[in-house]
Amino acid sequence: MIIVVDPEKKTKIPFSRGILTRSITSTGVDVGIAYSIAAEIVKELEKKNVKVITKDEIRRITYEKLLEHGLKDAAKKYLFWHELRRLKYPMIILLGGATGVGKSTLATELAFRLGIRTVIGTDTVREVMRKIISKDLLPAIHTSSFLAWRELRNLPKDVDPLIYGFESQVRYVTVGVNAVVERSYKEGFNTIIEGIHLVPGYVNLNDRSFMYLITVKNSESLEARFHERARYSLRPAEYYVKNIDNILRIQDYLIEKAKEYGIPIIENVELEKSINAIMSHLMEEIPKRLKEKGIKLSI
Ligand SMILES: Nc1ncnc2c1ncn2[C@@H]1O[C@H](COP(=O)(O)OP(=O)(O)O)[C@@H](O)[C@H]1O
Ligand SMILES: O=C(O)[C@@H](COP(=O)(O)O)OP(=O)(O)O
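Residues numbered from 1 in each chain as written. Chains lettered and ligands numbered in written order. Predicted model: local features only at pLDDT ≥ 70, side-chain atom pairs only at ≥ 80, totals over all residues. Heavy atoms only, no water.

Draft legend 1. Highlighting the site of ligand 2. Around ligand 2 sit Thr99, Gly100, Lys103, Asp123, Arg126, Ser144, Ser145, Phe146, Ile196, Arg229, Arg235 and Tyr240, and that is every residue in its neighbourhood. Interatomic distance of 2.6 Å between a side-chain N/O atom of Arg126 and an oxygen atom of ligand 2. Contact with the protein chains removes 90% of the 390 Å² of surface that ligand 2 exposes when unbound. (Near = heavy atom within 4 Å. Polar contact = N/O pair within 3.5 Å; in protein donor to acceptor, adjacent residues only side chain to side chain. Areas by Shrake-Rupley, 256 points an atom, 1.4 Å probe, with all protein chains shown as cover.)

Encoded structure:
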């Protein structure tokens with residue numbers, strides 16, 4: 001067995017091909033190729049009868065192996081994400097977007113790539129609030145975001161009822177969402193929060209938060225997602241398809257807010273491309289924020 005030591009942190013753990021595969025996958029390399037590169041590295045270490053190795057040595061070997069395989073961009077990303085972990089720079093990534101666009105799917109994949117253990121959905125925050133605050137007290141949170149308008153009485157004359165109702169649910173749920181953001185920031189957790197309630201201008205951003213608006217191209221692709229999701233969840237496609245026009249009107253409103261607040265908009269056509277777009281943006285943005293704090297990445 002090969003033992004991985006970290007003299008700085010005084011840790012000793014058995015070498016895991018799975019851990020190395022995941023850190024290579026975080027660069028966007030296909031998991032199958034990442035696994036075979038990890039296997040190649042293990043084989044070479046065993047051939048040299050290596051018993052103990054440091055994390056820095058693994059990093060160097062992996063970086064060189066990626067270059068050997070012609071994966072120059074992946075090699076650069078590999079060093080970047082490791083440097084970030086060494087710096088202990090906890091990120092709060094926020095994925096907003098209309099119902100069904102792919103937020104939770106992206107959140108799960110991004111968490112895997114970046115080794116982030118905390119993923120929270122705003123619909124979970126809403127569920128907790130529903131338990132605490134009764135429907136009689138706060139009807140707007142006890143229904144879907146795109147139906148909140150139906151629970152309100154005496155709406156002002158000059159407003160769009162759909163957006164007014166949506167904003168009322170967002171305003172209430174954001175109280176809980178901001179509490180999650182604050183705790184993640186204070187505790188220094190890497191966290192991904194995803195949900196319809198992440199609306200630019202409502203959620204409090206900070207120097208370590210990165211918000212993205214996830215969108216779909218059109219009604220047809222959104223409807224396909226509702227049917228796809230219904231295959232493995234109890235959320236019936238019909239319920240969402242029936243409200244698809246209002247859901248897309250909310251998407252138009254979210255796009256306007258994203259433009260107003262300079263939030264990157266990711267049209268979620270292919271999962272891989274969306275993930276790479278978010279990770280590339282993070283790789284550009286994080287060094288800028290670190291530089292503002294006088295910290296230069298050593299890569
Ligand atoms: N880029 C994509 N291409 C195709 N299907 C996708 C993509 N992203 C998500 N999906 C599918 O669309 C459905 C809705 O995705 P989900 O993540 O549940 O949306 P949300 O969390 O935004 O409501 C899921 O079945 C998911 O597999
Ligand atoms: O309120 C809403 O629009 C959706 C948001 O969930 P996502 O589809 O965005 O995950 O929750 P629902 O009422 O379907 O439980």
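Draft legend 2. Quick look at the site of ligand 1. Residues in close proximity to ligand 1 total 15 residues, the closest being Gly100, Lys103, Ser104, Thr105 and Arg229. Burial of ligand 1 by the surrounding chains reaches 84%, relative to a free accessible area of 560 Å². Of all the secondary-structure elements, those providing two or more residues to the shell around ligand 1 are helix H5 (103–114) and helix H8 (219–230). Residues of the shell around ligand 1, tallied by class, amount to five nonpolar, five polar and five charged. (Helix = DSSP H or I, 4+ residues; strand = E, 2+ residues; numbered from the N terminus. Nonpolar A, V, L, I, M, F, W, Y, C, P; charged D, E, K, R; others polar.)

Draft legend 3. Examining the sheet that holds strand E8 (residues 265–267) more closely. Strands sit in the order E5-E6-E4-E7-E8 across an open sheet of five strands; the sheet is parallel. Edge positions in the sheet fall to strand E5 (118–121) and E8, since each of these pairs with one other strand and no more. Neighbour-to-neighbour, the strand axes of this sheet turn through a mean angle of 20°, independent of strand direction. Pairing geometry for strand E4 (residues 92–97) and strand E7 (residues 209–215), over six bridges, is parallel. Counted as the bridge partner of Gly96 is Leu213 from E7. Relative to the sheet, H5 contacts E4, E5, strand E6 (191–194) and E7, its axis offset from that of E4 by approximately 160°. Across the sheet, helix H6 (residues 122–132) lies against E5 and E6, angled at about 60° from E5, the strand it touches most. (Pairing = 2+ DSSP bridges. Axes fitted to C-alpha atoms, helices over the stretch in contact; angles between N-to-C directions. Contact = heavy atoms within 4.5 Å.)

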